[in-house]
Amino acid sequence: MASPSHGRTAALSRQLSDAHQDLRRRLADLRAGLGRPQPDGDDRLLTHCLAFCTALTNHHEGEDGGLFAQLLRERPDLAPTIDKLVEDHGLITHILARVRHLADQAATTPGADLQAIGGELDGLAAIMDSHFGYEERAIGAALDAGVDDDGWSEPVLRFTAPGTAAP
């Protein structure tokens, strides 16, 4: 069943899956870009890393403070599942901090070795895949049953910062 919020016609679980797929694509693009030579003074790597890290962070913050909070109000039986997902978010946050740091170093150090960033992004991709799959399976039915949307959907499904409008 589709959520009645905002007249959605697609199921929320499908929208969440689509958002996750977009994040996977963004990460794959970022990983592919690591192998391309960057002209001196080109900060595209840093810009792309920061944009990806921000999108994933906003998505997870929107889940933690919005979607998951709403689900806990409506479905307290999901508390152990949500606790696990929030724990994963913490792990992912630490990896993103390392990626940001390494990308910043690479942007300011000519000839920087990008293998460290690639290693972090490879690990991140594996964790994201596992996390997204579990999340979609574990809360998909609850989403499709209809979850009141008090504004949580924007950062979760459209990658905007909490409290801002989608572009």
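If you're wondering where the values come from, they're calculated on a predicted model, not measured in any experiment.

1. A look at the confidence of the model for the chain
In the predicted model, the chain carries a mean pLDDT of 83, and the fraction of residues at 70 or more is 83%. Note on residues 1–9: pLDDT under 50 across the span, and 20 contacts to partners over four residues away in sequence or across chains.

2. Regarding the environment of A11
Topologically, A11 is positioned in the segment before α1 (12–34). As for A11 and L143, which are separated by 132 residues in sequence, their C-alpha atoms are 7.7 Å apart.

3. Here's the deal with the environment of L23
Tracing the backbone through its elements, the reader meets L23 in helix α1. You can call L23 buried: its relative accessible area is 0%. With 30 residues separating them along the chain, L23 and C53 place their C-alpha atoms 9.8 Å apart.

4. A look at the pattern of salt bridges
Close approach of charged atoms allows side chains of opposite charge to pair. Under the criterion given, the structure shown has 10 salt bridges. Residue K84 pairs with D88 through a salt bridge whose shortest N-O separation is 2.6 Å. Separated by 4 residues within a single helix, K84 and D88 lie in helix α3 (residues 79–108), roughly one turn from each other. Take D88: its relative accessible area is 11%, and that puts it in the buried class. Members of the salt-bridge network, linked through shared partners, are D22, R25, R26 and D29.

Each value, and the rule that gives it
- Residues numbered from 1 in each chain as written.
- Predicted model: local features only at pLDDT ≥ 70, side-chain atom pairs only at ≥ 80, totals over all residues.
- Heavy atoms only, no water.
- pLDDT = per-residue confidence, 0-100.
- Contact = heavy atoms within 4.5 Å.
- Helix = DSSP H or I, 4+ residues; strand = E, 2+ residues; numbered from the N terminus.
- Buried < 20%, exposed > 50% of the residue type's maximum accessible area, 1.4 Å probe, protein only.
- Salt bridge = Lys/Arg side-chain N within 4 Å of Asp/Glu carboxyl O.

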